[in-house]
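# Structural features, examined
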Amino acid sequence: MQLYPLFADLTDRPVLVVGGGDVADRKVAMLLRAGARVTVGAPMLGPELREKLQHGRITYRPGVYQSEWQDGVWLVIAATRSRPLNARIAADGHAQQRLVNVVDDPALSSFQVPALIDRSPLLVAISSGGVAPVLARRLRERIESLLDPTMGSLLQLAQRYRARIRQRYTDLASRRRFYDWLHDGPVNALIRAAHPVRAERELVTALSSASEPANKGSVALVGAGPGDPGLLTLRALRALNEADVILHDELIGPQILDLARRDALQIAVGKRGGGTHTPQETIHAFLLQHAQAGRRVIRLKGGDPFVFGRGGEELAFLREHGIAYEVVPGITAAVACAAYSGVPLTHRDHAQSVRFVTAHCQQSLDTLDWHDLARERQTLAIYMGVSQLDELTRQLLAHGRAPDTAFALIENGSLPNQRTLTGALNELPTLAQHHAIRAPAIVILGEVASLADAAHWHGELIGNPPRHPAIPRNLADAA
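Residues numbered from 1 in each chain as written. Predicted model: local features only at pLDDT ≥ 70, side-chain atom pairs only at ≥ 80, totals over all residues. Heavy atoms only, no water.

### Points about the pattern of salt bridges
Close approach of charged atoms allows side chains of opposite charge to pair. Per the counting criterion, the structure on display carries 27 salt bridges. The shortest N-O distance in the salt bridge between Glu391 and Arg394 comes to 2.8 Å. One end of the pair is Glu391 and the other is Arg394, both in helix 17 (residues 389–398) and 3 residues apart, which spans about a single turn. Among the residues examined, Arg394 registers a relative accessible area of 47% and is labelled partly exposed. Across the pair Glu447 and Arg401 runs a salt bridge whose closest N-O atoms are separated by 3.4 Å. With a gap of 46 residues between them, Glu447 in the loop between strand 17 (441–445) and helix 19 (452–455) and Arg401 in the loop between helix 17 and strand 15 (406–411) connect regions that are remote in the sequence. According to the relative accessible area criterion, Glu447 is partly exposed, its value standing at 24%. Residue class for Arg401 comes out buried when judged on its relative accessible area of 2%. Connected through salt bridges with shared partners, the residues Asp148, Arg192, Arg235, Arg238, Glu242 and Glu326 form a single ionic network. (Salt bridge = Lys/Arg side-chain N within 4 Å of Asp/Glu carboxyl O. Helix = DSSP H or I, 4+ residues; strand = E, 2+ residues; numbered from the N terminus. Buried < 20%, exposed > 50% of the residue type's maximum accessible area, 1.4 Å probe, protein only.)

In structure tokens, the structure reads:
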């Protein structure tokens, strides 16, 4: 072990930073967050440091570095552009037994500033000993995604009640169980839901009870996006790592499920026309069974739970049965598929509104206001419409939509095998059949869809003639 890991309490302790540029300012900002009394020495200060000086947040020593600047300080950071000067600062510091960090120069440093994850009072520091700072930063980013931003608030609450917790749970085993409950149970859930007063009340009630609190089950309705794992939100990723049970749609791919906790029970509850179909009542029964057994359940849905995902029905069911729940939004298919095909859903020259429409069966088609949908200068995003393309086209043309209205039919949006078919409305069913477009696919209809021919960037573009815009058609195009 080349470095001794250490968290230093610098509250109201003097620290010297030599240098007046951007790098020095970044170091000063972190020191101020730690409560240090920072003195900056440099011939001149950059605008950010001047602003801190004007607000009285730092002390300034103008001029060329002098050895006596280090008198009485606890730490020294050298952030100048001159290595000989940095070496002199380090030598002076080492002679006075100061801890010295020379930015980006581990050979001259006696301590390193790690990559930091701040969930105060929780701090996670990662160091490569100055050998690979980029790797340390990348590891920080990965760990950061797993730690909920509310972790600090939970720890602060636990810190305030630490004495009462130790008094109530005198043996270590029961105390551990209580802290597990604190993290996994209703207190943390209430903090996440922005109810800090109710969270504290729940904690006080648990400490006043004669028996240990039992973990109650909960359900999270989580949007998994259109399929690309990179489009998962950080909150969705954390939920996958916390879940005991995952009820997932058929279209949730293995790349997303592989991100879940390894020991989580995964149950496919697919709904797909012509294929596997799990009744909604069965899904409700699964949610109730596992939540009442004290498990953390995820209902993992493609896209967003509240956009044609029956999330509203499931939320009403959970509320009716007194099951705690939360909702984690996802990127809905219309937004993601259009973006991956270079199609803006709104555009000031072409469309000022967008309509989300579902067309998975004749019954849903019969409820639509076709006259309103056929208006120009609006974008239609039609979900689950591949099997109804003939009727969709007929109704829109019959109610006045122009035959040459552009469409983009996007199959397997955001996935490596994405295909985007473009053309005019009056030829939509014929082209889709000719190119064997299959579900899952979404139709983007309207003037904006014509932009796909030029702006498409992901997957295969099936246009007229078929081409891929990322590949030049000839050397002249490449030039």
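Now that the structure has been shown, the text picks up again.
### Focus on the sheet that holds strand 18 (residues 460–462)
Pairing is mixed in the open sheet, where 6 strands are placed in the order 13-14-17-15-16-18. This sheet does not close on itself; its edge strands, each paired only once, are strand 13 (354–358) and strand 18. Taken over all neighbouring pairs, the strand axes of this sheet differ in orientation by 20° on average, direction set aside. Across 5 bridges, the pairing between strand 13 and strand 14 (residues 379–383) is parallel. Paired with Val357 across the two strands is Ile382, which belongs to strand 14. (Pairing = 2+ DSSP bridges. Axes fitted to C-alpha atoms, helices over the stretch in contact; angles between N-to-C directions.)

Treat this as a map of the structure, not an account of what it does.
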